[in-house]
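Examining the three-dimensional arrangement
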Amino acid sequence: VRVENFSSKYVPARNVDVWLPDNYTPSKKYAVLYMHDGQMLFDSSITWNKQEWGVDETLTKLTQQQKIRECIVVGVWNGGKSRHAEYFPQKPFEALSKENQKLVYDAYRSGGQSIFSGLAISSDNYLKFIVTELKPFIDIRFSTLKDKDNTFIAGSSMGGLISLYAICEYPDVFGAAACLSTHWTGIFQLEDNPVPAAFFDYMRTYLPDPRTHRIYFDYGDQTLDQLYFSLQLTANDIMREKGFNNANWKTLLFPGKDHSEKSWAERLSIPLEFLLKE
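So, here is what we can say about the structure in this document. Here the structure is a predicted model, which means the values were calculated and not measured. (Residues numbered from 1 in each chain as written. Predicted model: local features only at pLDDT ≥ 70, side-chain atom pairs only at ≥ 80, totals over all residues. Heavy atoms only, no water.)

1. Thoughts on the overall build of the protein
- Summing up its helical and strand segments, the protein has ten helices and eight strands in all.
- Residue burial in the protein is summarised as follows: out of 278 residues, 57% are buried.
- Nonlocal contacts in the protein, meaning residues at least 24 apart in sequence, comprise 77% of its contacts between residues at least 6 apart.
- For the protein, the exposed area adds up to about 11,900 Å²; of that, 50% sits on carbon and sulfur atoms.
- A gap of 4 Å separates the mean positions of the 30 positive and 34 negative side-chain charges of the protein. (Helix = DSSP H or I, 4+ residues; strand = E, 2+ residues; numbered from the N terminus. Buried < 20%, exposed > 50% of the residue type's maximum accessible area, 1.4 Å probe, protein only. Contact = heavy atoms within 4.5 Å. Areas by Shrake-Rupley, 256 points an atom, 1.4 Å probe, with all protein chains shown as cover. Lys, Arg positive; Asp, Glu negative; His and termini not counted. Charge placed at Lys NZ, Arg CZ, Asp CG, Glu CD.)

2. Topic: the pattern of salt bridges
- Enumeration over the complete set of coordinates arrives at 15 salt bridges.
- Through salt bridges that share partners, Asp201, Arg204 and Glu241 make up one connected network. (Salt bridge = Lys/Arg side-chain N within 4 Å of Asp/Glu carboxyl O.)

3. Here's the deal with unusual backbone geometry
- With a phi close to 50°, Asn5 is a non-glycine residue in the positive phi region.
- With respect to the helices, strands and loops of the structure, Asn5 is situated in strand β1 (residues 2–6).

By themselves these figures say nothing about function.
Here's what the structure looks like:
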């Protein structure tokens, strides 16, 4: 079900794709998985790189195998040029010195394009849109289980960062998050980059209660993912410090895998089972 140009007072309007399981019926209640980069999830014919996550096929298979509870997926389209500004966690950015904020904000991609496209970082508003506008709409329009233990959030790269930020900012809304190929660098360099330390300081303060929340991380070691190895090890140390263990946290390394929808699709069953296990 496509909701075209869902309007918001917090972010520019965008499409939202809602995937329903084959036997969806209003007489049952379903868990809900919110996913970022909604245009990349279901249909490779509309994506910029002709790749997709294959979310519908993987969920259907896992449900038939009775490995997960049935769920609805809400695919929130990214805002195109506003994507980086909407997905970059705002509180860690604002904790940087003014000098470091400027360094981050002025950073460029390897091709010379501005990372933030001149837009102010707006992830707090993006999460307000999901939590206060989109979720109430979904809960009215579809037959959902509304509590945090049945409400999950997931994404890759910058979508991994904003998923982690969401469960930290709204622990009463989201009970679990999956962060694939989490873009710990925030920008596209490791050297002279104050961003990872700011993210890690934020995690030490804001990670949710491990007794009531679950978090999944993964990463490859090719293309952009090769930036993440040492940073993910630090994140793992913080997870342990905050009391996370094998019961409520997973970090997996996938050697030989790169930073692409193809790689995420290949391993998608693993985070989906983590989020939606019976």
